[in-house]
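Structural features, examined
The chain contents come next:
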Amino acid sequence: MTNDNTTRITPFLTVNDAKKAVEFYVSAFNAKEVSRNAMPNDRLSSKISIENALFWVADEEPEFGNISPDVNVANSIRIILETIHADDLFANALKYGATEICPMTTEDEWRIGKLKDPFGHVWEIGYVL
């Protein structure tokens, strides 16, 4: 939380293995783990930053209804990562196990590609030209 009264929406991604997810995001998206919080049953919750864009990643907590998406099923939520480094991050994500949905392409005034990370979350990575 910040004290500057700025309204924000911050994604909170539930995954089936948060330790591996943190490793993926750090490797694939050049992310930084800002904080790590231990949870019961060897689970964790981490705050992640990609070029100062923040999001959370945590292990499933089925007892509270927090479950990860099925990697084999379409996902109704897309995470849009806007960065001038889109091409590099997209290629890196594929290298570390993401699945390409749509290749990097130029559409209208966007350079954009779409992929699914190994944990079932869909990312659109791009920037306005």
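Okay, so let's go over this structure. (Residues numbered from 1 in each chain as written. Predicted model: local features only at pLDDT ≥ 70, side-chain atom pairs only at ≥ 80, totals over all residues. Heavy atoms only, no water.)

**So, the overall build of the protein chain**
The helix and strand tally for the protein chain stands at two helices and eight strands. Ordering the α and β elements of the protein chain from the N terminus gives β-α-β-β-β-β-α-β-β-β. Against the compact-globule benchmark of 14 Å for 129 residues, the protein chain has a radius of gyration of 15 Å, which places it among compact chains. The principal-axis extent of the C-alpha atoms belonging to the protein chain is close to 45 × 40 × 25 Å. Taking all 129 residues of the protein chain together, 39% fall into the buried category. Partitioning the intrachain contacts of the protein chain with sequence separation of at least 6 by distance along the chain shows that 48% fall at a separation of at least 24. With the model as given, the accessible surface of the protein chain reaches about 7,900 Å², and the carbon-plus-sulfur share is 50%. (Helix = DSSP H or I, 4+ residues; strand = E, 2+ residues; numbered from the N terminus. Rg over C-alpha atoms; globule rule 2.2 N^0.38 Å. Buried < 20%, exposed > 50% of the residue type's maximum accessible area, 1.4 Å probe, protein only. Contact = heavy atoms within 4.5 Å. Areas by Shrake-Rupley, 256 points an atom, 1.4 Å probe, with all protein chains shown as cover.)

**Overview of the environment of R43**
Position of R43 among the secondary structure elements: in strand β3 (residues 43-50). Considered as a pair, R43 and E61 are 18 residues apart in the sequence and their alpha carbons are 8.8 Å apart. Separated by 3.1 Å, the side chain of R43 and the backbone oxygen of P40 make a polar contact. Among the polar contacts made by the side chain of R43, one reaches the main-chain carbonyl oxygen of E60 at a distance of 3.2 Å. (Polar contact = N/O pair within 3.5 Å; in protein donor to acceptor, adjacent residues only side chain to side chain.)

**Points about the nonpolar core**
Y25, F29 and W123 are the most contacted members of the largest nonpolar core, which has 28 residues in total. Secondary-structure elements contributing two or more residues to this core are β1 (12-15), α1 (18-29), β3, β4 (53-59), β5 (78-82), α2 (86-95) and β8 (122-128). In terms of residue count, α1 provides more of this core than any other element does, seven residues in total. When sequence neighbours within four positions are dropped, the list of residues in contact with Y25 reads L13, N30, A31, F55, V57, D117, F119, H121 and W123. (Core = buried A, V, L, I, M, F, W, Y, C linked by side-chain atoms within 4.5 Å.)

**Brief notes about the pairing of strand β6 (residues 99-107)**
Of the pairings in the sheet, the one linking β6 to strand β7 (residues 110-116) comprises six bridges and is antiparallel in character. Each residue of the ladder has a partner; that of C102, found in β7, is K114. The antiparallel hairpin formed by β6 and β7 contains two residues in its connecting segment, where D108 sits at a positive phi of about 50 degrees. (Pairing = 2+ DSSP bridges.)

**Quick look at α2**
Among the residues making up α2, those that are buried are A86, L89, F90, N92 and A93. The buried residues of α2 occupy an angular sector of 165 degrees when the element is viewed end-on, so they sit on one face. Turned more than 90 degrees away from the buried face of α2, the exposed residues are D88 and K95. (Arc of directions from axis to C-beta.)

**So, the pattern of salt bridges**
For the structure on display, the rule yields five salt bridges. Its salt-bridge partner being R36, residue E33 comes within 2.8 Å of it at the nearest N-O pair. The partly exposed category is assigned to R36, whose relative accessible area is 45%. A salt bridge links D87 to R111, with the nearest nitrogen and oxygen atoms 2.7 Å apart. Of this pair, D87 sits in helix α2 while R111 is found in strand β7, placing the two residues 24 residues apart along the sequence. Note on D87: relative accessible area 28%, which makes it partly exposed. (Salt bridge = Lys/Arg side-chain N within 4 Å of Asp/Glu carboxyl O.)

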